[in-house]
Amino acid sequence: MERKYMAEPYKIKVVEPIAMSTQEERTEAIKRAGYNTFLLKSKEVYIDLLTDSGTTAMSDNQWAGMQIGDEAYAGSVNFYHLEKAVQELYGFKYVVPTHQGRGAENILSKIAIKPGDYVPGNMYFTTTRAHQELSGATFEDIIIDEAHDSQNDHPFKGNIDLKKLQNLIDRVGADKIPYICLAVTVNLAGGQPVSIKNMREVKELASKHGIKVMFDATRCIENAYFIKEREEGYQNKTIAEIVKEMFSYADGATMSGKKDCLVNIGGFLALNDADLYQKATQLVVLYEGMPSYGGLAGRDMEAMARGMYESVDYYYIRHRVEQVRYLGEKLSEAGVPIVKPIGGHAVFIDARKFLSHIPQDQFPAQMLAAKLYELSGVRSMERGIVSAGRDKEGKHYFPKLELVRLTIPRRVYTYAHMDVVADSVIELYNKRDSIPGLKMVYEPPVLRFFTSRFEPLK
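Now for a look at the structure at hand.

Calculation rules
- Sequence order sets the numbering: in each chain, residues are counted from 1 along the sequence as written.
- Reporting of local features is limited, given that this is a predicted model, to residues whose pLDDT is at least 70; pairs of side-chain atoms are given and counted only at 80 or more, and all residues count toward the totals for whole chains, interfaces and linings.
- Hydrogens are left out, water is left out, and the side-chain values use all remaining heavy atoms of the structure.
- Numbered from the N terminus, helices here are DSSP runs of H or I no shorter than four residues, and strands are runs of E no shorter than two.
- Our radius of gyration is a C-alpha quantity, and the globule rule it is checked against amounts to 2.2 Å times the number of residues to the power 0.38.
- The buried label goes to any residue with under 20% of its type's maximum accessible area, the exposed label to any with over 50%, and the partly exposed label to all in between, with areas taken from a 1.4 Å probe on protein chains only.
- Residue contacts are counted whenever heavy atoms from the two residues lie within 4.5 Å of one another.
- In short, Shrake-Rupley with a 1.4 Å probe defines the accessible areas, and a residue's cover is counted only from the protein chains shown.
- Only four residue types enter the charge count, namely Lys and Arg as positive and Asp and Glu as negative; His and the chain termini do not.
- Every charge is mapped onto a representative atom, which is NZ of Lys, CZ of Arg, CG of Asp or CD of Glu.
- To qualify as a nonpolar core, a set must consist of buried Ala, Val, Leu, Ile, Met, Phe, Trp, Tyr and Cys residues joined through side-chain atoms within 4.5 Å.
- Here is the rule: rings of Phe, Tyr and Trp (six-membered ring for Trp) pair when centre to centre is within 6.5 Å. Planes less than 30 degrees apart are stacked, more than 60 are edge-to-face, and the remainder are tilted.
- By convention in this document, the label disulfide applies to cysteine sulfur atom pairs within 2.5 Å.
- One side-chain nitrogen of Lys or Arg within 4 Å of one carboxyl oxygen of Asp or Glu is enough to make a salt bridge.
- When DSSP finds two or more bridges between a pair of strands, those strands are recorded as paired.
- Every crossover in which the path from the first strand over the helix to the second runs clockwise, viewed with the strands pointing away from the viewer, is termed right-handed.

### Describing the overall build of the protein chain
Scanning the protein chain from N- to C-terminus turns up 16 helices and 14 strands. Its C-alpha atoms give the protein chain a radius of gyration of 21 Å, within 12% of the compact-globule value 23 Å for 458 residues. When its C-alpha atoms are laid out on the principal axes, the protein chain stretches across 60 × 55 × 45 Å. Out of the 458 residues in the protein chain, the part that is buried amounts to 59%. Of the contacts made within the protein chain by residues no fewer than 6 positions apart, 73% connect residues no fewer than 24 positions apart. Summed over all atoms, the accessible surface of the protein chain reaches about 18500 Å², with 51% contributed by carbon and sulfur. Between the mean site of the 58 positive side-chain charges and the mean site of the 60 negative ones, the protein chain shows a separation of 2 Å.

Structure follows, in structure tokens:
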């Protein structure tokens, strides 16, 4: 019998008790945290949807692999297992392990970017743009316009607008563009995928001008699933076949293994260019560790290699996407405004529509995340004006999307947990008019969403 939503394709062997608290306790906790869900203690959280990064439940096979960690300082056998996995599944020649994805972003930015360069991409991501800007580049958003409209149902809202890319090349010159940063999927657009057709066309245009294409491959398996589901000619392809073709249109990739590699720590920079690889191996020693461990224990590299093979299993990724879709559809049916189509790793609530009475510079998404925690113990996160930060003149960026992200960890929660989340969001939606805005009382200069503090407006 075919079910609308696939049951979990795994059995639960180990359980971790989770905290139960009263609303009074949560009210005090979020106040202590400055109305920033990042500053809550995990023991104060009931259902933790802050992020899917490093929150995966690893398999028995991965845990078995952890027991054969080769902790040699150089030449660890587990590095060669990881290298083989990247070469077989993604098709890249060279692999530089890093402690997580931002380590790879840092190295790529430093070896590829010169001051005054421009890096075009399909919507910014916080740490990626920060590394690019700290290396002297200006980020240019060249995603299609549909990505900025939460209600647009375009099946590939992560696509790059080729006209925007060509216009940038014409304006600044190809020599000022070290690479195109192509994210698969696009997190801040709502977990939206990129089509194979668009990847191919971007690569063709880039090659014509001698520009490299670098993927942010963090959620590439989710992207591959959407291609199989939505793009003509790919319904009968395996996830592994689609992934291999996707990366054939890239010159390299940064990877946070904490997402689609199904581990709690780890990442890598993958490259095809020998000269760039040599430069990367020099910098990884300075910032991370030896080129054969890059800040990771051997056991962590082993778990990541095994997780990469597990991630291309169709039934795993189908359940992963359907669990997210289950939550999103429950919210949408109740009238809660969410980003459409529903993405692969999270349901994104449109806080502008949810709290339409709160101006954007009073941080509606930040307050919505805080109030959801206070009501239910569900931790989510802001993805709006706070995450966007400030420009070089010190003024707020005002993104068109002001979102709260309900991010589903892989293989951790059940559909019953999703029901609790949905009921909590719907209850909050029904009392939304009583929710005030916030004022910011502390702000760090970089990546402010992690540690900023707020107070409610009267």
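The rest of the description comes next.
### Observations regarding the nonpolar core
Burial of nonpolar side chains together is a common tendency in soluble globular proteins. Within the largest apolar cluster, 63 residues are counted, with the highest numbers of intra-cluster contacts made by Tyr 90, Met 199 and Phe 268. Looking at this core, the element that brings in the most residues is helix α8 (residues 220-230), giving six residues. Ignoring sequence-local partners within four residues, the contact set of Tyr 90 consists of Ala 85, Cys 220, Ile 221, Val 243, Lys 244, Phe 247, Met 255, Cys 261, Phe 268 and Met 308.

### Some details on the packing of aromatic side chains
Applying the stated rule across the entire model yields 18 aromatic pairs. On the numbers, 6.4 Å between centres and 50 degrees between planes, the contact of Tyr 5 with Tyr 415 is tilted. You can see Tyr 5 sitting in the segment before α1 (23-32) and its partner Tyr 415 sitting in helix α16 (residues 415-429), a full 410 residues away along the chain. Both residues of the pair, Tyr 5 and Tyr 415, count as buried. On the basis of an interplanar angle of 45 degrees and a centroid distance of 5.7 Å, the ring pair of Phe 215 and Phe 247 is categorised as tilted. With Phe 215 in strand β6 (residues 212-216) and Phe 247 in helix α9 (residues 239-247), this residue pair connects regions lying 32 residues apart in the sequence. Taking relative accessible area as the criterion, Phe 247 reaches 3% and is therefore assigned buried.

### Observations regarding the state of the cysteines
Under the defined criterion, the tally for this structure stands at zero disulfides. Here Cys 181 is not cross-linked by a disulfide; its sulfur's nearest cysteine counterpart is in Cys 220, at 14 Å.

### Some points on the side chain of Asp 260
Secondary-structure assignment places Asp 260 in the loop between β7 (252-256) and β8 (267-271). When its relative accessible area of 0% is taken as the criterion, Asp 260 is described as buried. Those residues in contact with Asp 260 that lie beyond four places of it in its chain are Thr 218, Arg 219, Cys 220, Ile 221, Glu 222, Met 255, Ser 311, Tyr 316 and Arg 410.

### Brief notes about the pattern of salt bridges
Within this structure, the stated rule accounts for 32 salt bridges. Taking the shortest distance from any N to any O, the salt bridge between Arg 410 and Asp 52 comes out at 3.0 Å. Placement of Arg 410 in the loop between β12 (403-407) and α16 and of Asp 52 in the loop between β1 (47-48) and α2 (60-66) is noted, with a sequence separation of 358 residues between them. Like Asp 52, Arg 410 is buried. A salt bridge links Asp 251 to Lys 203, with the shortest nitrogen-to-oxygen separation between them at 2.8 Å. Residue Asp 251 is found in the loop between α9 and β7, and its partner Lys 203 is found in helix α7 (residues 196-208); the two are separated by 48 residues along the sequence. Take Asp 251: its relative accessible area is 17%, and that puts it in the buried class. For Lys 203, a relative accessible area of 15% translates into the label buried. Within this structure, Asp 52, Arg 219, Glu 222, Asp 260, Arg 320 and Arg 410 form a network of salt bridges that share partners.

### Structural notes on the pairing of strand β3 (residues 118-121)
As judged from the four bridges shared by β3 and strand β4 (residues 138-141), these two strands associate in the parallel manner. By the bridge assignment, Pro 120 is partnered in β4 with Glu 140. Taken together, β3, helix α5 (residues 126-134) and β4 constitute a β-α-β crossover, and its handedness is right-handed.

### As for unusual backbone geometry
The step from Val 184 to Thr 185 runs through a cis peptide bond, and the omega angle for that step is 0 degrees. Among the secondary structure elements, Thr 185 is positioned in the loop between β5 (179-183) and α7. Its identity is not glycine, yet Arg 411 carries a phi of approximately 60 degrees, on the positive side. Here Arg 411 shows up in the loop between β12 and α16. The class for Arg 411 is buried, based on a relative accessible area of 19%. In this structure, Leu 447 takes a positive phi of about 50 degrees despite not being glycine. Turning to its location among the elements, Leu 447 is positioned in the loop between β13 (438-442) and β14 (453-456). Accessibility expressed as a relative area gives 26% for Leu 447, which makes it partly exposed.

This is a description of form; function is not addressed.
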